[in-house]
Amino acid sequence: MPSRRDQIVMSEDEIKSFLTHQRILNVATNGPTGHPHVVAMWFTVLDGNPAFWTFARSQKIVNIRRDDRISALVESGDSYSELKGLEMTGTARLIEDRDQIFEIGKAIAVKYTGPAALNTDSLPFIEAQVSKRIGVLIDVERWVSWDHTKLGGVY
């Protein structure tokens, strides 16, 4: 008999879909005191891994430069029977190439505001942000997922 844990694990396709449709990535880096520094970020997926951009002088970038270990969480659901989540642990890879940062910014803009984000009026705003930002790609070493909707209301 399979364990309850085995019943709620997401498949690779379910994980891809979940990351595509969810909007907030909670990112944890190791702060200067050793305590977790947790922030909510808009994100996209590049080559199967979560990616975001942030201000180059942000605390999370300072933390990553000191220690590239990172954890992240995407979750949804308002009741126990609806809970879905994905925890990721791995290393943060800083993306400092201007063209790659621009690609991350464009992908995030499209995800959150739609294709109009790349029109001639909006694109210059995204491009202007590139000089202030760094991209972060999470090289995920471990995925832990759960989807309580698979339990059919029986716990």
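Being a predicted model, the structure only gives us computed values, none of them experimental.

Asks: I'd love a proper account of the overall build of the chain, names of residues and values included.
Replies: Counting its secondary structure elements, the chain contains 5 helices and 7 strands. For the chain, the sequential pattern of α-helices and β-strands runs α-α-β-β-β-β-α-β-β-α-α-β. Considering only C-alpha atoms, the chain reaches an extent of 55 × 40 × 25 Å along its principal axes. Every one of the 155 residues in the chain was classed for burial, and the buried ones make up 39%. Intrachain contacts of the chain at a sequence separation of at least 6 include 71% that bridge at least 24 residues. With an accessible surface of roughly 8,900 Å², the chain has 53% of that area assigned to carbon and sulfur atoms. Side chains of the chain give 18 positive and 20 negative charges; the mean places of these two sets differ by 5 Å.

Asks: Requested: an account of the sheet that holds strand 1 (residues 25-30), with residues and values cited.
Replies: Two strands in a sheet stick together by hydrogen bonds in their backbones, pointing the same way (parallel) or opposite ways (antiparallel). Reading across the sheet, the 7 strands line up as 2-1-5-6-7-4-3 and stay open at both edges, with antiparallel pairing between neighbours. Looking along the sheet, the strands with just one partner apiece sit at the ends: strand 2 (36-41) and strand 3 (44-46). With direction set aside, neighbouring strand axes in the sheet form an average angle of 35°. Note that strand 1 and strand 2 share 6 bridges and pair antiparallel.

About the criteria used
- Residues numbered from 1 in each chain as written.
- Predicted model: local features only at pLDDT ≥ 70, side-chain atom pairs only at ≥ 80, totals over all residues.
- Heavy atoms only, no water.
- Helix = DSSP H or I, 4+ residues; strand = E, 2+ residues; numbered from the N terminus.
- Buried < 20%, exposed > 50% of the residue type's maximum accessible area, 1.4 Å probe, protein only.
- Contact = heavy atoms within 4.5 Å.
- Areas by Shrake-Rupley, 256 points an atom, 1.4 Å probe, with all protein chains shown as cover.
- Lys, Arg positive; Asp, Glu negative; His and termini not counted.
- Charge placed at Lys NZ, Arg CZ, Asp CG, Glu CD.
- Pairing = 2+ DSSP bridges.
- Axes fitted to C-alpha atoms, helices over the stretch in contact; angles between N-to-C directions.

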